[in-house]
Amino acid sequence: MGNPKIKFVVGSLVIVVALSWLGFVGFQESKAYYITVDEFRATEGKYHGKTLKVAGDVVEGTIDRSKTPLEFVISHEGKSLKVQYVGKDVIPDTFKDGSKAVVEGTITQDGIFQARHIEAKCASKYEAEYESKAKS
């Protein structure tokens, strides 16, 4: 009913191809573009459906912890972005008005950024790193 060696080689090839495909798809889904709010606003149509990391400053008075999901606004260079935090992780203690934040997620059709992850940075410790990214 067929050569066992051929069956083994064909079976092995199918497994290798399937694992390669899954690895490629997983890599594509985990890839995130790192941009600032003003860069996002300049070319936002190009990023629909893509995972992004967007950096900006948390705008004073915009953190609304009474809503589910939590909402806030980040801004950079005069441009702002409304964010809804839909992730499950605990929000960092450094996340507060005026802090530097990087949110990771996707943009919705109505222009709200749905973040699955928030990184908040203490302004003094990360100022140089943030400013060098903003200028590049």
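Residues numbered from 1 in each chain as written. Predicted model: local features only at pLDDT ≥ 70, side-chain atom pairs only at ≥ 80, totals over all residues. Heavy atoms only, no water.

(A) Representation of the overall build of the protein chain in the model. Secondary structure summary: the protein chain contains 3 helices and 6 strands in total. Beginning at the N terminus, the succession of helices and strands in the protein chain can be written as α-β-α-β-β-β-β-β-α. Counting the 136 residues in the protein chain, one finds 29% classified as buried. Long-range pairs, those at least 24 residues apart, make up 51% of the contacts in the protein chain with a sequence separation of at least 6. (Helix = DSSP H or I, 4+ residues; strand = E, 2+ residues; numbered from the N terminus. Buried < 20%, exposed > 50% of the residue type's maximum accessible area, 1.4 Å probe, protein only. Contact = heavy atoms within 4.5 Å.)

(B) Representation of the nonpolar core. Membership of the largest hydrophobic core comes to 22 residues, with the highest contact counts inside it found for Val 54, Phe 72, Ile 74, Leu 81, Val 103 and Phe 113. Sequence-distant contacts of Phe 113, that is, excluding residues within four places in its chain, are made with Leu 52, Val 54, Leu 81, Lys 82, Val 83, Gln 84, Val 103, Glu 104, Gly 105, Thr 106 and Ile 107. (Core = buried A, V, L, I, M, F, W, Y, C linked by side-chain atoms within 4.5 Å.)

(C) Representation of the packing of aromatic side chains. Summed over all chains, the structure comprises 2 aromatic pairs. Both rings, one in Phe 72 and one in Phe 95, keep their centres 4.7 Å apart while their planes meet at 70°; by these two values the pair is edge-to-face. In this pair, Phe 72 sits in strand S3 (residues 70-76) while Phe 95 sits in the loop between strand S4 (79-85) and strand S5 (100-107), placing the two residues 23 residues apart along the sequence. Look at Phe 95 and you get buried, because its relative accessible area is 3%. (Phe/Tyr/Trp six-rings, centres within 6.5 Å; stacked < 30°, edge-to-face > 60°.)

(D) Structural view of the pattern of salt bridges. Under the criterion given, the structure shown has 3 salt bridges. The salt bridge partner of Lys 100 is Asp 57, with a shortest N-O separation of 3.0 Å. Taken together, the positions of Lys 100 in strand S5 and Asp 57 in strand S2 (residues 52-58) put the pair 43 residues apart, joining distant regions of the chain. Residue Lys 82 is joined to Glu 71 by a salt bridge in which the shortest nitrogen-to-oxygen separation is 3.6 Å. (Salt bridge = Lys/Arg side-chain N within 4 Å of Asp/Glu carboxyl O.)

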